[in-house]
Amino acid sequence: MEKRLYKSNDNKMLCGVLGGIAEYFDIDPTLVRIAYLCLSVFSAGFPGILLYFLMALVMPKKF
């Protein structure tokens, strides 16, 4: 079976994007959230926020 990237239904804070990435790579969602926060802060915030909402639009929900 092929591994697919989906938004998480269980590990979601806002849209489930970061939780879905954590499930895909089988790592702790907190680590993904910390890495995302660092990316957003060090890139002046805007590109990280834009990337998150683009992924929220593109990633399908897990049924």
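Residues numbered from 1 in each chain as written. Predicted model: local features only at pLDDT ≥ 70, side-chain atom pairs only at ≥ 80, totals over all residues. Heavy atoms only, no water.

**Here we look at the nonpolar core**
Nonpolar side chains tend to gather and get buried jointly when the protein is soluble and globular. Note the following rule: Here the nonpolar core consists of buried residues drawn from Ala, Val, Leu, Ile, Met, Phe, Trp, Tyr and Cys, with membership extended through side-chain atoms lying within 4.5 Å. Relative accessibility decides the category of a residue: with a 1.4 Å probe and only protein chains considered, values under 20% of the type maximum give buried, values over 50% give exposed, and everything between is partly exposed. Going along the chain from the N terminus, every DSSP run of H or I of four or more residues is numbered as a helix, and every run of E of two or more is numbered as a strand. Residue contacts are counted whenever heavy atoms from the two residues lie within 4.5 Å of one another.
Formed by Val17, Leu18, Ile21, Ala22, Val32, Tyr36, Tyr52, Ala56 and Met59, the largest nonpolar core amounts to nine residues. Elements with a contribution of two residues or more to this core: helix H1 (17-25), helix H2 (29-42) and helix H3 (46-58). Examining the composition of this core, we find that four residues originate from one element, H1, more than from any other. For Val32, the contacting residues outside a window of four places in its chain are Leu18, Ile21, Ala22 and Ile27.

**Some remarks on the environment of Gly20**
Turning to its location among the elements, Gly20 is positioned in helix H1. Residue Gly20 is classed as buried on the basis of its relative accessible area, which comes to 2%. For Gly20 and Phe42, which are 22 residues apart along the polypeptide, the C-alpha to C-alpha distance reads 23 Å. Beyond its immediate chain neighbours, meaning those up to four positions away, Gly20 contacts Leu5, Tyr6, Lys7 and Ser8.

**Some remarks on the confidence of the model for the protein chain**
To keep things clear, this is the line we draw: Confidence per residue, as judged by the predictor, is encoded in pLDDT with a range of 0 to 100.
On average, residues of the protein chain carry a pLDDT of 87, and 97% of them reach 70 or more. By mean pLDDT, the top-scoring element of the protein chain is H1 (92), and the lowest-scoring one is H3 (87).

**Some thoughts on the packing of H2 against H3**
Under the convention used in this document: Simply put, an axis is a line fit to the C-alpha atoms, just over the touching stretch for a helix, and the angle between two N-to-C directions goes from 0 to 180 degrees. Angle categories are assigned with fixed cut-offs, so that under 35 degrees is roughly parallel, over 145 is roughly antiparallel, 65 to 115 is roughly perpendicular, and the rest are oblique. Three categories are distinguished: nonpolar for Ala, Val, Leu, Ile, Met, Phe, Trp, Tyr, Cys and Pro, charged for Asp, Glu, Lys and Arg, and polar for the others, with Gly belonging to the last.
Closest axis-to-axis distance for the H2/H3 pair is 6 Å, and the angle between their directions is 130°. Here H3 runs oblique to H2, going by the angle between their axes. Residues Tyr36, Leu39 and Ser40 of H2 lie in contact with H3, whose contacting residues are Gly48, Ile49, Leu51 and Tyr52. When grouped by side-chain class, the residues that make up the contact of H2 with H3 number five nonpolar, two polar and no charged.

**Focus: unusual backbone geometry**
Glycine aside, the phi torsion of most residues is negative, and most peptide linkages are trans. Here the phi dihedral of Asp26 falls at roughly 55°; this positive angle occurs in a residue that is not glycine. Note on placement: Asp26 falls in the loop between H1 and H2. Judged by its relative accessible area of 68%, Asp26 is exposed.

**Concerning the packing of H1 against H3**
Each pair of packed helices gets described by two things: the angle between the helix axes and the distance between those axes. Following both chains from N to C, one finds H1 and H3 inclined at 75°, their axes separated by 9 Å at the closest point. With respect to H3, the axis of H1 lies roughly perpendicular. Residue-level inspection shows Val17, Leu18 and Ile21 of H1 in contact with H3, the latter providing Tyr52, Met55 and Ala56. Tallied by class, residues from the contact of H1 with H3 come to six nonpolar, no polar and no charged.

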